[in-house]
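Chain and residue survey
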Amino acid sequence: AQTVTQSQPEMSVQEAETVTLSCTYDTSENNYYLFWYKQPPSRQMILVIRQEAYKQQNATENRFSVNFQKAAKSFSLKISDSQLGDTAMYFCAFMIGGANSKLTFGKGITLSVRP
Amino acid sequence: NAGVTQTPKFRVLKTGQSMTLLCAQDMNHEYMYWYRQDPGMGLRLIHYSVGEGTTAKGEVPDGYNVSRLKKQNFLLGLESAAPSQTSVYFCASSSPRTSGLSYEQYFGPGTRLTVT
């Protein structure tokens, strides 16, 4: 079975600064996908970024980037130039490739951006 | 294009009552999922469906039943609600046709259910 671990329950960052959220996972599979989801106070789940395990290049979406270390099974999210709207809960999630794929989520981390 | 919608948004039940949560998607997705979110637990998969007329158990299926009679709808039923089922329920859908091999899931807005 796959597991996803987010060991930091809460983090805080000053507006305009950079913050990194940690995530580790455990799997024996070689073909899989990793995701970071954002859940603001509205409760809506929003996909922030995804990474295919077969790609060596780290994914980037505007101010959001990941540091994917496959051998270490680590998948951290870096948020640059933090904005007040980044205040939310962030979930790391894992999926094995192929049909019948299911997401396994970490417990989440609450990020607060201070003005 | 409404995406994924959930009905109702909020509900309060008494122990032993039954109810059905409705999830609807207008993206013609094959796969649909039901998750529950509890404080400190992240989202956990209850049941899922890979096509009309098919369902399968997820990580925490006990106390729930599901049906997928139409491709666009996925129903989650609680036959005899218990306080342990107090949670926020999310529906999601996905299709390999729209998101390549990554099966990206699109989520509904959630239903907050309280069982007293």
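Scroll up to find the structure.
Here we summarise the structure given alongside this text. (Residues numbered from 1 in each chain as written. Chains lettered and ligands numbered in written order. Predicted model: local features only at pLDDT ≥ 70, side-chain atom pairs only at ≥ 80, totals over all residues. Heavy atoms only, no water.)

A word on the sheet that holds strand β7 (residues 65–67) of chain B. All names here are of chain B. Across the sheet, which stays open at both edges, the four strands sit in the order β1-β3-β8-β7 with antiparallel pairing between neighbours. One side of each edge strand has no neighbouring strand; the edge strands of this open sheet are β1 (4–7) and β7. On average, adjacent strands in this sheet sit at an angle of 20° to one another, irrespective of strand direction. Sheet analysis places strand β3 (residues 19–25) next to strand β8 (residues 73–78), joined by six bridges and oriented antiparallel. Note on β8: the bridge partner recorded for L21 is L76. (Pairing = 2+ DSSP bridges. Helix = DSSP H or I, 4+ residues; strand = E, 2+ residues; numbered from the N terminus. Axes fitted to C-alpha atoms, helices over the stretch in contact; angles between N-to-C directions.)

What follows concerns the nonpolar core. Counting residues in each nonpolar core, the largest one holds 26 residues, and the members touching the most others are L21, Y25, W36, F75, L77, Y90 and L111 of chain A. Elements represented by at least two residues in this core include exactly β3 (19–21), β5 (32–39), β6 (46–52), β8 (64–69), β9 (74–79), β10 (88–96) and β12 (109–114) of chain A. If one sorts the elements of this core by residue count, β10 of chain A sits on top with four residues. Residues in contact with L21 of chain A, not counting those within four places in the same chain, are Q8, M11, W36, F75, S76, L77, Y90, I109 and L111 of chain A. Counting 20 residues, the second largest nonpolar core, distinct from the first, contains A93 and M95 of chain A together with A92 and F107 of chain B. (Core = buried A, V, L, I, M, F, W, Y, C linked by side-chain atoms within 4.5 Å. Buried < 20%, exposed > 50% of the residue type's maximum accessible area, 1.4 Å probe, protein only. Contact = heavy atoms within 4.5 Å.)

Let's shift gears to the pattern of salt bridges. For the structure shown, the criterion picks out six salt bridges over all chains. The salt bridge partner of R63 of chain A is D86 of chain A, with a shortest N-O separation of 2.8 Å. Of this pair, R63 of chain A sits in the loop between β7 (60–61) and β8 while D86 of chain A sits in the loop between β9 and β10, and the two are 23 residues apart along the sequence. Its relative accessible area of 19% is what places R63 of chain A among the buried residues. If you follow the salt bridges from partner to partner, you end up with R36, D38 and R44 of chain B in one network. (Salt bridge = Lys/Arg side-chain N within 4 Å of Asp/Glu carboxyl O.)

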